[in-house]
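# Notes for the structure review
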Amino acid sequence: MRGFFRWWGEFFHSPMTAFEWNGMEHGWAWFLATIIGILVIALPLMLAVAMIIYADRKIWAAMALRRGPNVVGPWGLLQSFADGLKVFLKETIVPTSANKGLFLIAPIVTFTVALIVWAVVPFQAGVVLADVNVGLLYVLAASSLGVYGVIVAGWASNSKYPFFSALRAAAQMVSYEVSIGFVLITVVLYAGTFNLSAIVLQQKGFGLGVVNAFGFNLLLFPMWVVFLISSMAETFRTPFDLVEAESELVAGHQTEYSSMSFALFWLGEYANVILMCALNSILFWGGWLPPVDWAPLYYIPGILWLFAKMGFFFFVFSWVKATVPRYRYDQLMRLGWKIFLPLSLVFVVLVSGWLMLTRFGGGS
């Protein structure tokens, strides 16, 4: 019995070590530990997507003085699952003129790319699937692949509205990824690393020795604002949902989709929204660290602090969607290229100069 409890203790601390201790070969132990780690992230993420869709609708309803979902389950909590079941039971219709192979692959690409980025997201100290040194570069590279699912869906549908949507998506993601890239450079300059866990630890006591956040810095706070707004544009959230503008493009690249192929786009979209909430928390607001560097606050598990911060940012996303009208496309492009890009470039120079003067002694 003591050996059983010891094995479970090892399993929760390090699955691979637990399997090896049980006599399993290193290769198989690594494989099983990796599969378990993926499932531990992916399955709760899918549940979280269902819950934040419900939360999204409740927030919109409250701001419009409506009740929102309230029939299926207590307080309407099971509404998302009912919607999922309904979509699952529907027929998958493929237009006769569509490129069938690409048409079916596009939602899979969108969904898969939305999941693989979570491999390097740290939920707590040491609680990360792959704690790689270039985690931030991996996030930037993997998240930028999401546009391919939208472009392929728009082209393969062989319909004008999805195709226009695909063109808009390509232009929009490129426009705002440039600004996000320069914003991330300022964070890396301050942290001195691309490792996401190390970036979080660098924020401990960063603000006047008290606040655990890069966002408390006057040079990085404007960059957080740019990153937050660009996050909404990257995930096609209102007021930047020009890709799915229903008054112009019906449902954008999703117009010809039905059943689970349609649901995969939604799952990918909301998984990306949760990811952007996590990145806002990790890069600028201390990740799993408590807001203030005060010893009693560290008794609360770090993962709860991270979830609380992600919840706040998701509320901001929903708040903006419920209150801000949609931009025109020329306004969207002007904001990305004429405001955010020059601003982020200026702050890269300012941060570099400030660090040269203060951290490296002016280059002497």
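Data block above holds the structure.
Our subject in this report is the structure included herewith. (Residues numbered from 1 in each chain as written. Predicted model: local features only at pLDDT ≥ 70, side-chain atom pairs only at ≥ 80, totals over all residues. Heavy atoms only, no water.)

### Concerning helix H13 (residues 302-323)
The end-to-end C-alpha distance of H13, which contains 22 residues, comes to 32 Å, matching closely the 32 Å that a straight helix rising 1.5 Å per residue would cover. Residues of H13 that are buried: Gly302, Trp305, Leu306, Lys309, Met310, Phe313, Phe314, Val316, Phe317, Ser318 and Val320. (Helix = DSSP H or I, 4+ residues; strand = E, 2+ residues; numbered from the N terminus. Expected span 1.5 Å × (residues − 1). Buried < 20%, exposed > 50% of the residue type's maximum accessible area, 1.4 Å probe, protein only.)

### What to know about the packing of aromatic side chains
Evaluated as defined, the whole model comprises 17 aromatic pairs. With a centroid separation of 5.7 Å and 45 degrees between ring planes, the pair formed by Phe227 and Phe284 is classed as tilted. Of this pair, Phe227 sits in helix H10 (residues 221-234) while Phe284 sits in helix H12 (residues 259-284); the two residues are 57 residues apart in sequence, bridging distant segments of the chain. Note on Phe227: relative accessible area 2%, which makes it buried. Overall, Phe284 belongs to the buried group, its relative accessible area being 0%. Each ring, one from Phe262 and one from Trp266, has its centre 6.3 Å from the other, and the planes form 50 degrees; the classification is tilted. Residue Phe262 and its partner Trp266 are both found in helix H12; the two are separated by four residues, about one turn of the helix. Accessibility expressed as a relative area gives 26% for Phe262, which makes it partly exposed. Given a relative accessible area of 30%, Trp266 falls into the partly exposed group. Grouped by ring-pair contacts, the aromatic residues Phe221, Trp224, Trp285, Phe312 and Phe313 constitute a single cluster. Above the face of the Tyr298 ring, Lys204 is positioned so that its terminal group lies 5.1 Å from the ring centre. (Phe/Tyr/Trp six-rings, centres within 6.5 Å; stacked < 30°, edge-to-face > 60°. Lys NZ or Arg CZ within 6 Å of the ring centre and 35° of its normal.)

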